[in-house]
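So the chains spell out like this:
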Amino acid sequence: MAELRFFFGTMGSGKSTQALQIRHNLAARGLNVILTTQLDRQVGKVSSRLGVEAEAEIVDSKLNLFELARTTFEASGLDAMVCDEAQFYEPSQIEQLAQVVDELHVDVYAFGLLTSFQGELFPGTARLLELADERNQVQVEARCWCGSRATHNARLVNGIQVYSGALKVVGDTADEEKEETVEVTYELMCRKHWHAGLRRRQGEQLELLDQQAGPAEVIDLPLNTPTS
Ligand SMILES: [Zn+2]
């Protein structure tokens, strides 16, 4: 009986390594496997921090995963799909993965993050949790700097934790207008320290608003005052 299995964990919890391991084990048994991934793996492969990598299909938002599976199924047979970075897939693409299981009777192993840097479920992840036959937490334990279990992914822009911005930003982003490089990094945190960063950031933004209100009045004054 084919199943849709979802494996979730934080960044650095070894999801890609496990995805590659499953693909390797199936391929070693002579089974035909499609490996897919998204965004930060633009080069068309899945690689793990341990140095293992494999060729992969890039999933853009328009790719129909059921059609991809069906075409391969009819041409050369298909035994399984291993889908990395599945949090970035469209909810409709997650439904296509369920269709692969139900109509082609092909096993699907999906790997992804649970929550974004904003601390909320990714849309693709939410759909996976709703549709999966099996949900597994990837067991490699990651730790916050304080030593507690890391459950949240914090996004840092130039070293400062942020809570707004595009859901998908990976690596350095060049801001051409300002001609400066914005360094985007991620850090694993426990819930407590992720929230502490959020409160600190909200405080700074309020301070910034106060500072902006001051000079703006000074600049506005001469414009409203007759000068001649
Ligand atoms: Zn902590």
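In case you missed it, the structure is sitting above this.
Read on for a plain summary of the structure. This structure is a prediction, so every number in the text was calculated from the model and none was measured.

On the basis of which strands lie adjacent, the open sheet formed by six strands has the order β5-β2-β6-β7-β1-β8 and parallel pairing. At either end of the open sheet lies a strand with only one pairing partner, and these are β5 (57-58) and β8 (134-137). Looking at chain direction, strand β2 (residues 33-37) and β5 are connected through two bridges and run parallel. Residue T37 lies in a different strand from β5, and its bridge partner there is I58. Where helix α1 (residues 15-28) meets the sheet, it contacts β1 (4-8), β2, β6 (80-83) and β7 (107-112), and its direction lies at approximately 160° from that of β7.

With respect to topology, three strands assemble into an open sheet ordered β10-β9-β13, the strand pairing being antiparallel. Pairing within the sheet leaves two strands with one partner each, and these edge strands are β10 (160-162) and β13 (184-189). With direction set aside, neighbouring strand axes in the sheet form an average angle of 45°.

Quick notes on the rules
Residues numbered from 1 in each chain as written. Predicted model: local features only at pLDDT ≥ 70, side-chain atom pairs only at ≥ 80, totals over all residues. Pairing = 2+ DSSP bridges. Helix = DSSP H or I, 4+ residues; strand = E, 2+ residues; numbered from the N terminus. Contact = placed C-beta atoms within 7 Å. Axes fitted to C-alpha atoms, helices over the stretch in contact; angles between N-to-C directions.

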